[in-house]
Amino acid sequence: MKIRLVNNGVFTVLDDVRTAMKPPAEGFYWIDADLEDLEVLQPIFGLHDLEVEDCLNDEEQRPKIEVHEGHYFIVVNSIRFDDEEIFLRSLNIFLGKGYIITVTKQKINELRSLKPLLLEERVSSPDRFLYYLTDLVVDNYFIVGDRIEDRIEKLEEDILMHTKKSHLTEIIGLRSEILWLKRVLGPQREVIGTLNKRELKLIDPELQKYFRDIYENAVKVSETFDTYRDLMANLREAYQSSIAGRANEIMRVFTALTTIFMPLTFITGIYGMNFDYIPGLHTKGGSLILLTFMVVVGFGMFYIFRKKDWL
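A short tour of the structure in this document, coming up. Every chain is numbered independently, its residues counted from 1 as its sequence is written. For this predicted model, a pLDDT threshold of at least 70 governs which residues receive local features, and a threshold of 80 or more governs which side-chain atom pairs are given and counted, while totals over whole chains, interfaces and linings are taken from all residues. Excluded from the side-chain calculations are hydrogens and water; all other atoms, namely the structure's heavy atoms, are used.

Digging into the packing of aromatic side chains
Here comes step 1: Think of it this way: a Phe, Tyr or Trp ring, Trp meaning its six-membered ring, pairs with another when their centres are within 6.5 Å, and the plane angle makes it stacked under 30 degrees, edge-to-face over 60, tilted otherwise. A complete count under the given rule lists nine aromatic pairs for this structure.
Here comes step 2: Ring centres of W30 and F129 lie 5.0 Å apart, and the angle between their planes is 55 degrees; on these two criteria the pair is classed as tilted. Of this pair, W30 sits in strand β3 (residues 28–33) while F129 sits in helix α4 (residues 126–161); the two residues are 99 residues apart in sequence, bridging distant segments of the chain. In this structure, W30 and F129 share a single accessibility class: buried.
Here comes step 3: For the ring pair F225 and Y228, a centre distance of 5.5 Å and an interplane angle of 80 degrees mean the geometry is edge-to-face. Here Y228 and F225 lie together in helix α6 (residues 208–271), a separation of three residues that amounts to about one turn.
Here comes step 4: When its relative accessible area of 1% is taken as the criterion, F225 is described as buried. Only DSSP runs of H or I with at least four residues qualify as helices, and only runs of E with at least two residues qualify as strands; both kinds are numbered from the N terminus onward. The rule is simple: take the accessible area with a 1.4 Å probe, protein chains only, and divide by the maximum for that residue type; under 20% is buried, over 50% is exposed, in between is partly exposed.

Description of the environment of L114
Here comes step 1: Following the sequence through the fold, L114 ends up in helix α3 (residues 109–121).
Here comes step 2: By relative accessible area, which is 0% here, L114 ends up buried.
Here comes step 3: Taking the C-alpha atoms as reference points, L114 and D15, separated by 99 residues in sequence, lie 22 Å from one another.

Some thoughts on the sheet that holds strand β1 (residues 2–7)
Here comes step 1: In short, DSSP must find at least two bridges between two strands for them to pair. Strands sit in the order β2-β1-β3-β7-β6-β5-β4 across an open sheet of seven strands; the sheet is mixed. Looking at which strands have only one partner, the edges of the open sheet turn out to be β2 (10–14) and β4 (64–67). Each strand axis lies, on average, 25 degrees off the axis of its neighbour in the sheet, ignoring direction.
Here comes step 2: In terms of strand pairing, strand β5 (residues 71–82) meets strand β6 (residues 85–96) through twelve bridges, oriented antiparallel. Note that in β6 the partner of F73 across the bridge is F94.
Here comes step 3: Against the sheet, α4 makes contact with β3, β5, β6 and β7 (99–104), and its axis sits at roughly 25 degrees relative to β5, the strand it touches most. Between N-to-C directions, angles cover 0 to 180 degrees, with each direction set by a line fitted to C-alpha atoms, over the stretch in contact for helices. Between two residues, a contact is recorded if the distance between any of their heavy atoms is within 4.5 Å.

That's the geometry; what it means functionally is another story.
Right, dumping it as C-alpha cells:
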C-alpha cells in the first residue's frame with residue numbers, strides 16, 4: 001500500500017494510513033492499495049462489506065457505481081491487448097472527501113500513466129483525479145480498437161491471398177472477444193453517464209462537462225466495436241466465399257483433366273480389345289504413331305481449355 005498526499009500534482013509519500021482519516025488542508029490523499037490492504041482500510045474509511053467482497057471476488061466484476069453517504073464505490077474495467085489476446089482488469093475506486101483509494105488485483109497501466117499527468121495539470125482534488133483516470137481508461141479502448149482493426153485488416157488480406165482452415169478459428173475467436181467487450185462497454189458507459197448526469201456531492205459540478213466528454217468517447221468506442229462486429233461477419237462471409245471459390249477451382253481443374261484423358265482412355269480401350277484386325281495394329285511403327293496421336297490430342301485439348309480460360 002502506498003499513501004501519497006497530492007497537492008498541485010506534487011506527491012508527498014506518507015507512512016501512516018491513519019493520517020488520511022481527515023481531509024488535508026490542501027490537496028488530497030491517494031491510497032494505492034492491494035487486495036490484502038482492504039482489511040486495514042475498511043474500518044478506517046468505513047468501507048461497506050459488499051464493496052470489499054466485490055474487490056476480493058475472483059469473478060469478473062461488472063462496471064458500476066454505488067453511492068454512499070461518505071464515499072462512492074466505482075468499478076471500471078481497464079483493457080489490455082497482449083500477444084493477440086484481450087484482457088480486462090477491474091479497477092476498484094473508493095472516492096471520499098479528501099481522499100481516493102484505488103484497489104487492483106494486477107498492475108494497471110493507466111495508474112502509471114496518470115502520475116505525470118497529475119503534475120502537468122496541477123491536480124489537487126480527488127474528483128479531478130477520478131476524471132483524468134477515467135479519461136485514460138476510455139482512451140485506452142481506442143488504442144486497443146486500432147490494434148483490433150489492424151488485426152482484422154491483416155486477417156482479411158491473408159484470406160484473400162491464401163485461405164487456410166486456421167483462419168476460421170481466428171475469425172471465431174476474435175468475434176467472440178469483440179462480443180465479450182461489447183457486453184462490458186454497455187455497463188461502463190452507464191457508469192460514466194452517471195458521473196455526467198447525476199448530481200453527486202463529492203464531484204465538482206464544473207467537472208460535469210468534462211465527464212460528458214468522456215461519456216461521448218465511451219459511446220464512440222461502443223459504436224466502433226459495433227462496426228468491428230459487422231466487419232467480422234463480413235470477414236466470415238469472405239472466408240466462406242473464398243473456400244467455395246477454391247473448391248470450385250479445384251473441381252474445374254479436375255474436370256478439365258478428366259475431359260482431356262477421356263479420348264485417350266477411349267483410344268487405349270479400343271487398342272486393348274481382343275481383335276485380329278485393328279487399323280495400324282500390325283503396322284511398323286504403329287505404336288509410335290498411336291502415342292504421338294494421343295499426345296497431340298491431349299495437348300490440343302489442353303490448348304483449347306487454356307484459350308477459353310477453363311484452366
